Amino acid sequence: MATRGSRSEKVKRIFQQFDANRDGGLNREEMSALVVAVNPRVKFSDEQINAILDEVFRTYSGFIDGEKGLTYDGLLQTYDDGAGDVDRDFDALGLELEDNKGVSGVSEASSSSIVDERAIESQKKQRTAAWAVSPNHGIVFDDTWKMVDDLEILVKRLKAKQAKDGKFKADNFDAYSDAGWSRELGPSAEISEKRVFWEESGHDYAVFVKELGVLRSRADGARSREEAFDGHMAIGRVLYEHQLFKEALVSFKRACELQPVDVRPHFRAGNCFYVLGRYKEAKEEFLLALESAEAGGTQWAYLLPQIYVNLGIALEGEGMVLSACEYYREAAILCPTHFRALKLLGSALFGVGEYRAAVKALEEAIFMKPDYADAHCDLASALHAIGEDERAIEVFQKAIDLKPGHVDALYNLGGLYMDLGRFQRASEMYTRVLAVWPNHWRAQLNRAVSLLGAGETEEAKKALKEALKMTNRVELHDAVSHLKQLQKKKVKANGTNGEGAFIIVEPSKFKTVGEKTTLRQDLATALHIRAFQRITRLSRCDVELLKKEMRENDVPVSYSGTGVPQKSIRKPNLEEILRRLLIFLKPETSQGAVKAINERILSVLDETGLGRVDLGMFFAILAPICSGSLDKRKRIAFDALLWRPQNEGGSQIKRVDAVGYIRLLRAIYFPSHGVSERLELHGETDASMVSFNEFLVMLDDPDWGFAIISTLVKLETGDRNRHGRHVCSVCHYPVVGSRFKEMKHNFSLCNYCYSEGKVPSTYKLDEYKFKEYGSEAEAMKDKCMCFTLPSHNDNS
């Protein structure tokens, strides 16, 4: 990445190129010529050009110099805010950097404040970063300059001492995927893409902090509150530039105390909090900055898009992706050329499962910045999600061409090749991931699976063992055991792979022995719901928490298009409730849960597509799959329906609501059903009421109710049970959960193979009789019963 110095020189050359009348500003005609020139492949209409210019001149009104137009500072600020890419535009114009003499000539021709300041005091340009002389963020008082000079010396001294002792580290993160990071967050654009790690526990650092304290005291002792604020902001900015984020935060917080309604210290403090991994506090600071900016009229209009972007990033850090989408969208509306806002919006939409909207936003970002590797990577992932696999491969490859060590693109392309059955190509991708990130255990595991798919069993076994060294997870132990079983089968079958030697039997041929044995179709549905529980972690959420939310949530009543009163809530607000319910989740796991809930539940409940959800119905839908006793889940589902405005205050609910609820449950949770079943309800006018006991009868109906909940609870309580050395006769994995034993031929199936109707191809029968064992103890007890009762069976 170019240094800030070379970036500013490039912006100067661009500015000079289009300042045709040399008045130090870009008027609308000159700015229009710039926009067209740096986008040679785009055919803008007059309306589009005018819309872009209106937005630029409104957003950067603080940089408009009367009739002259946008100053150099304003153009520089647009690039700093991510509204354009300096290097791309510079290259597109075919410009070259001039020597120092030529640059100074440009400066004399321009009347922008930053250039005037540099012409008056050229030393300032050399001794500090360009931000220090900008009209909106820069240094105002002379004494502050002195403090900045002293601080630069202190930092230089600390760096020299730590480098001498071998404690100063700068790790290059170029190989890793950018998190869509705004230029105002993390290491800024004014330094290289290397993260600096300071040794904070040594004597040298303690001396530095002590000397820094003296500088802060000098700032506090300034002649006025404004000068003290100027000093602390400048100290914070210098520290931030050198990635001394903890110390920078102290200065910005002090500046917040001095001028609580100023946007800048809150904004800067939020950036520091984020880099330090303190996302909640970052969010709070950005909200304060947003409040101040909106109250300050047009003064802070140029910074509003960046506040929205950084607030969205902080919310994502907390796992609040639906909320983040709202702020990225606001930033993109305020600044349509902000390609980072569009990329972040697209990535967040992908993160919540809204793939087509994600594709649209990411394509827009790439249209503005064709070399945006991260945007290409996320676009390819979204294309894969909507089934456009060949195009996804091309876009992934483009991301890798732009950034050969792009871990996310390599890993996700490997997954796409796996889905397509191209195992050799998949293993190549995972090998490239491991070359960049050697301890990426998931890549190692997937490499093993892809090698297995390609028939390279020995290599797969080695890869599995490597993955096992990286993480001692039980799934990997099972995978190793599975491979051993396959090798035994291979030997027995004279070189043919034993896996896959099965047939799928129609459901009518599967018979059950005993009342406790689950029907094959019921188990398939319950496993489907159980998988959703695992993704969302709702099986760890106490159902009583839903009751608590209903008790403590004062949701205003609104009216839908049909005039039915509802306690409806916007999706981002609903996400806050989910975060409380799933507070035990890490942010990245929480994102996965929200995505699954949005795809499976909210997409069905938000019939109008307006982004609002009936909260009572939402709680009722969640209740059956939360943790707690079966009776308690049913009771709270009923209470949630009672909590809705049309039933509130009574002890009964309308029959039509109960029927609608059950149909919604089946549409959402049954894999073979869909929203069409829900649509059958419209037009029903049954006004009768049902009590809780009548509701239970409806819910437990095996044909059109939700009786599957009993099977689900059975799965929850036994899905960690292991059955000694028993392995499934079809997939050869150790049997975990229930074991289904075929009583005549004595082979065993796991939950999944039984639910899919798979049996070993050696047993082609007209009928199969299965008995379910929840544990090995049950099987042993059954075996003993058979030994003790033979004479009774013979007589009968």
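Residues numbered from 1 in each chain as written. Predicted model: local features only at pLDDT ≥ 70, side-chain atom pairs only at ≥ 80, totals over all residues. Heavy atoms only, no water.

Visitor: Mind showing me how you'd approach the state of the cysteines here?
Guide: Simply put, disulfide is the name for a covalent bond between the sulfur atoms of two cysteines. In the structure shown here, the tally under the stated rule is 0 disulfides. Of all cysteine sulfurs, the one in Cys753 lies closest to Cys728, which takes part in no disulfide; the gap is 3.7 Å. Residue Cys728 is classed as buried on the basis of its relative accessible area, which comes to 0%. (Disulfide = S-S within 2.5 Å. Buried < 20%, exposed > 50% of the residue type's maximum accessible area, 1.4 Å probe, protein only.)

Visitor: Hey, could you run me through the environment of Phe502 in this one?
Guide: Note that Phe502 resides in strand S5 (residues 502–504). Residues Phe502 and Gly757, spaced 255 residues apart in sequence, show a C-alpha to C-alpha distance of 9.8 Å. Not counting chain neighbours up to four residues away, the residues in contact with Phe502 comprise Val730, Lys758, Val759, Pro760 and Ser761. (Helix = DSSP H or I, 4+ residues; strand = E, 2+ residues; numbered from the N terminus. Contact = heavy atoms within 4.5 Å.)

Visitor: It is not clear to me how the confidence of the model for the chain should be interpreted in this structure. Could you clarify?
Guide: Predicted coordinates in regions of low pLDDT should not be interpreted in detail. Residue-level pLDDT values for the chain average 82, and 82% of them are 70 or greater. Predicted confidence for residues 99–127 stays below pLDDT 50, and this span has 43 contacts to residues more than four positions away or in other chains. Within the model, the stretch residues 171–193 combines pLDDT values under 50 with 86 contacts to residues more than four positions away or in other chains. (pLDDT = per-residue confidence, 0-100.)

Visitor: Explain the sheet that holds strand S6 (residues 510–512) to me, please; I cannot follow it from the model alone.
Guide: Sheet strands line up and pair through hydrogen bonds in the backbone, either parallel or antiparallel. Read across the open sheet, the 4 strands follow the order S6-S18-S15-S16; overall the sheet is mixed. Strand pairing shows two members of the sheet lacking a second neighbour, S6 and strand S16 (748–749), which therefore form its edges. Pairing of strand S15 (residues 739–742) with S16 involves 2 bridges; the strand directions are antiparallel. In the strand pairing of S16, Lys741 is matched with Ser748. (Pairing = 2+ DSSP bridges.)

Visitor: Any chance you could explain the packing of aromatic side chains here in plain terms?
Guide: The way to describe two aromatic rings as a pair is by their centre distance and the angle between their planes. One pass over the structure, following the stated rule, counts 26 aromatic pairs. Taking 4.7 Å as the distance between ring centres and 20° as the angle between the ring planes, the aromatic pair formed by Phe747 and Tyr763 counts as stacked. Separated by 16 residues along the polypeptide, Phe747 in the loop between S15 and S16 and Tyr763 in the loop between strand S17 (758–760) and strand S18 (768–773) bring together distant segments of the chain. By the ring-pair criterion, three or more aromatic residues cluster together here, those being Phe510, Phe740, Phe747, Tyr754, Tyr763, Tyr768 and Phe770. It is Arg520 that lies over the ring of Phe510; its NZ or CZ is 5.0 Å from the centre. (Phe/Tyr/Trp six-rings, centres within 6.5 Å; stacked < 30°, edge-to-face > 60°. Lys NZ or Arg CZ within 6 Å of the ring centre and 35° of its normal.)

Visitor: In this structure, what is going on with the pattern of salt bridges? I would like to understand it.
Guide: Where charged atoms from two side chains of opposite charge come close, those side chains can pair. The full count for this structure, using the stated rule, is 39 salt bridges. Salt-bridge contacts for Arg391 lead to Glu363; the nearest nitrogen and oxygen are separated by 2.5 Å. Of this pair, Arg391 sits in helix H20 (residues 389–402) while Glu363 sits in helix H18 (residues 355–368), and the two are 28 residues apart along the sequence. One continuous salt-bridge network, built from bridges that share partners, spans Asp143, Lys146, Arg223 and Glu227. (Salt bridge = Lys/Arg side-chain N within 4 Å of Asp/Glu carboxyl O.)

Visitor: Help me understand the pairing of S15, please; the structure alone is not making it clear to me.
Guide: As a general feature of sheets, a regular strand has side chains that alternate between the two faces. Note that S15 and S18 share 4 bridges and pair antiparallel. Each bridged residue has a counterpart across the sheet, and for Lys741 the counterpart in S18 is Lys771. Linking S15 back to S16 in an antiparallel pair, the connection comprises 5 residues, with Asn746 at a positive phi of about 60°.

Visitor: Please clarify how helix H34 (residues 692–699) should be interpreted in this entry.
Guide: Given 3.6 residues per helical turn, the α-helix brings residues three or four places apart onto the same face. Restricting attention to buried positions, one finds in H34 the residues Phe692, Phe695, Met698 and Leu699. The buried residues of H34 occupy an angular sector of 115° when the element is viewed end-on, so they sit on one face. H34 presents Asn693 and Val697 as exposed residues on the side facing more than 90 degrees away from its buried surface. Looking at the buried side of H34, the elements it contacts are helix H31 (630–643), strand S11 (653–654), helix H32 (655–669) and strand S12 (689–690). (Arc of directions from axis to C-beta.)

Visitor: Before we go on, may I ask you to explain the packing of helix H23 (residues 441–453) against helix H24 (residues 457–470) in this structure?
Guide: Describing two packed helices takes the angle between their axes plus the distance from one axis to the other. Relative orientation of the contacting elements H23 and H24 amounts to 165°, with a least axis distance of 8 Å. Judged by the angle between their axes, H23 and H24 are roughly antiparallel. The interaxial crossing formed by H23 with H24 has left-handed handedness. Every residue of H24 that contacts H23 at Trp441, Gln444, Leu445, Arg447, Ala448, Leu451 and Leu452 is listed here: Thr457, Glu459, Ala460, Ala463, Leu464, Glu466, Ala467 and Met470. Among the residues forming the contact of H23 with H24, the class breakdown is 10 nonpolar, 2 polar and 3 charged. (Axes fitted to C-alpha atoms, helices over the stretch in contact; angles between N-to-C directions. Parallel < 35°, antiparallel > 145°, perpendicular 65-115°, else oblique. Left-handed = near helix turned anticlockwise from the far one by under 90°. Nonpolar A, V, L, I, M, F, W, Y, C, P; charged D, E, K, R; others polar.)

Visitor: Explanation requested: the UniProt feature "repeat: TPR" (unreviewed entry) in the chain in the structure shown.
Guide: This chain's UniProt record puts "repeat: TPR" (unreviewed entry) on residues 229–262, 339–372, 373–406 and 407–440. In residues 229–262, helix accounts for 79% and strand for 0%; the two terminal C-alpha atoms are 10 Å from one another. With 79% helix and 0% strand, residues 407–440 has end C-alpha atoms that lie 10 Å from one another. (UniProt positions renumbered as here; feature names shortened; annotations may be inferred.)

Visitor: What is the right way to read unusual backbone geometry from this model?
Guide: The phi angle of most residues is negative, glycine excepted, and most peptide bonds adopt the trans form. Look at Gln243: it is not a glycine, yet its phi comes out positive at around 65°. As for its position among the elements, Gln243 is in the loop between helix H11 (225–241) and helix H12 (245–258). According to the relative accessible area criterion, Gln243 is buried, its value standing at 5%. At Arg537, a residue that is not glycine, the phi angle is positive and equals roughly 60°. By secondary structure assignment, the location of Arg537 is in the loop between helix H26 (520–536) and helix H27 (544–552). Exposure remark for Arg537: the relative accessible area of 29% places this residue in the partly exposed category.

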